[in-house]
Amino acid sequence: MSEKKKFTLEYELRSSPRILFSFISEPNGLSQWFADDVVFRDQTYTFTWDDEIQKAKLLSIKENKLVKFKWLDDDPHCYFEMEIVQDELTNDVALSITDFATEDTMAERTLIWDNQINYLHSVLGA
């Protein structure tokens, strides 16, 4: 099995950091675009897609800035992070995604994030 490597994707979104933060950090916001259902209990998020359930521990959170999760069944060094980036000159807002994948699954993981962010765009009306 090949080693997972870190990759970063960035998506421009028409949203304020405060509104976007609720969609990346709160169970209700996440369930509108990231998963079918999201439950938060004891610093652990339970994500449900159809019949698949995955749990992630919340590693870090910074108000209106970022959330960092670790899948409980993933490699120890792997995590996924969603960071809100705002350009100081233009005030444009982007969502930077950091995730891990093997060489074999990199294209698939990128496509999954592309699709999820498209859902987020439609939910935000952006």
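Structural data are supplied above this passage.
Residues numbered from 1 in each chain as written. Predicted model: local features only at pLDDT ≥ 70, side-chain atom pairs only at ≥ 80, totals over all residues. Heavy atoms only, no water.

> Help me understand the overall build of the protein chain in this model?
Scanning the protein chain from N- to C-terminus turns up three helices and seven strands. When the elements of the protein chain are put in sequence order from the N terminus, they spell out β-α-α-β-β-β-β-β-β-α. The C-alpha atoms of the protein chain give a radius of gyration of 14 Å, which matches the 14 Å a tight globule of 126 residues would have. Taking the principal axes of the C-alpha coordinates as reference, the protein chain spans close to 45 × 30 × 25 Å. Counting across all 126 residues of the protein chain, residues that qualify as buried make up 43%. For the protein chain, the exposed surface amounts to about 7500 Å²; the carbon and sulfur share of it is 47%. Side-chain charges of the protein chain comprise 13 positive and 24 negative groups, with the mean position of each set lying 6 Å from the other. (Helix = DSSP H or I, 4+ residues; strand = E, 2+ residues; numbered from the N terminus. Rg over C-alpha atoms; globule rule 2.2 N^0.38 Å. Buried < 20%, exposed > 50% of the residue type's maximum accessible area, 1.4 Å probe, protein only. Areas by Shrake-Rupley, 256 points an atom, 1.4 Å probe, with all protein chains shown as cover. Lys, Arg positive; Asp, Glu negative; His and termini not counted. Charge placed at Lys NZ, Arg CZ, Asp CG, Glu CD.)

> For this particular structure, what's the right way to read unusual backbone geometry?
For residues besides glycine, phi is generally negative; the peptide bonds are generally trans as well. Not every positive phi belongs to a glycine, and D42 is a case in point at roughly 55°. Along the chain, D42 falls in the loop between β2 (37-41) and β3 (44-49). For D42, a relative accessible area of 67% gives the class exposed. With a phi angle near 60°, N64 is a residue other than glycine that sits in the positive phi range. The residue N64 is located in the loop between β4 (52-62) and β5 (66-71) in this model.

> How should the packing of aromatic side chains be read in this particular structure?
How two aromatic rings sit relative to each other is set out by the distance from centre to centre and by the angle between their planes. A full pass over the atoms with the stated rule returns 16 aromatic pairs. Between Y45 and F47, the ring centres sit 6.0 Å apart and the planes meet at 15°, which makes this aromatic pair stacked. Accessibility assignment for this pair places Y45 and F47 in one class, buried. Sitting above the plane of the Y79 ring, K68 keeps its charged end 4.2 Å from the centroid. (Phe/Tyr/Trp six-rings, centres within 6.5 Å; stacked < 30°, edge-to-face > 60°. Lys NZ or Arg CZ within 6 Å of the ring centre and 35° of its normal.)

> Just checking my understanding: could you explain the nonpolar core for this structure?
For soluble globular proteins, the rule of thumb is that nonpolar side chains tend to be buried together. Counting residues in each nonpolar core, the largest one holds 32 residues, and the members touching the most others are W33, F47, F69, M82, L95 and W113. If you list the elements that add at least two residues to this core, you get β1 (5-13), α1 (17-25), β3, β4, β5, β6 (80-86), β7 (93-101) and α3 (106-124). Take this core: its biggest share by element is five residues, from α3. With residues up to four places along the chain from it excluded, the contact list for F47 reads L30, F34, A35, D37, V38, E52, I53, Q54, A56, F69 and W71. (Core = buried A, V, L, I, M, F, W, Y, C linked by side-chain atoms within 4.5 Å. Contact = heavy atoms within 4.5 Å.)

> Would you mind showing me how to read the pattern of salt bridges here?
For side chains bearing opposite charge, pairing can occur when the charged atoms are close. According to the stated counting rule, one finds four salt bridges in the structure shown. Close ionic contact of K65 with E83 constitutes a salt bridge, the shortest N to O distance being 3.5 Å. Note that K65 is positioned in the loop between β4 and β5 and E83 in strand β6, a separation of 18 residues in sequence. Among the residues examined, K65 registers a relative accessible area of 33% and is labelled partly exposed. Here D99 and R109 are joined by a salt bridge, their closest N and O atoms 2.6 Å apart. Taken together, the residues span a long stretch of sequence, with D99 in strand β7 and R109 in helix α3 at a distance of 10 residues. (Salt bridge = Lys/Arg side-chain N within 4 Å of Asp/Glu carboxyl O.)

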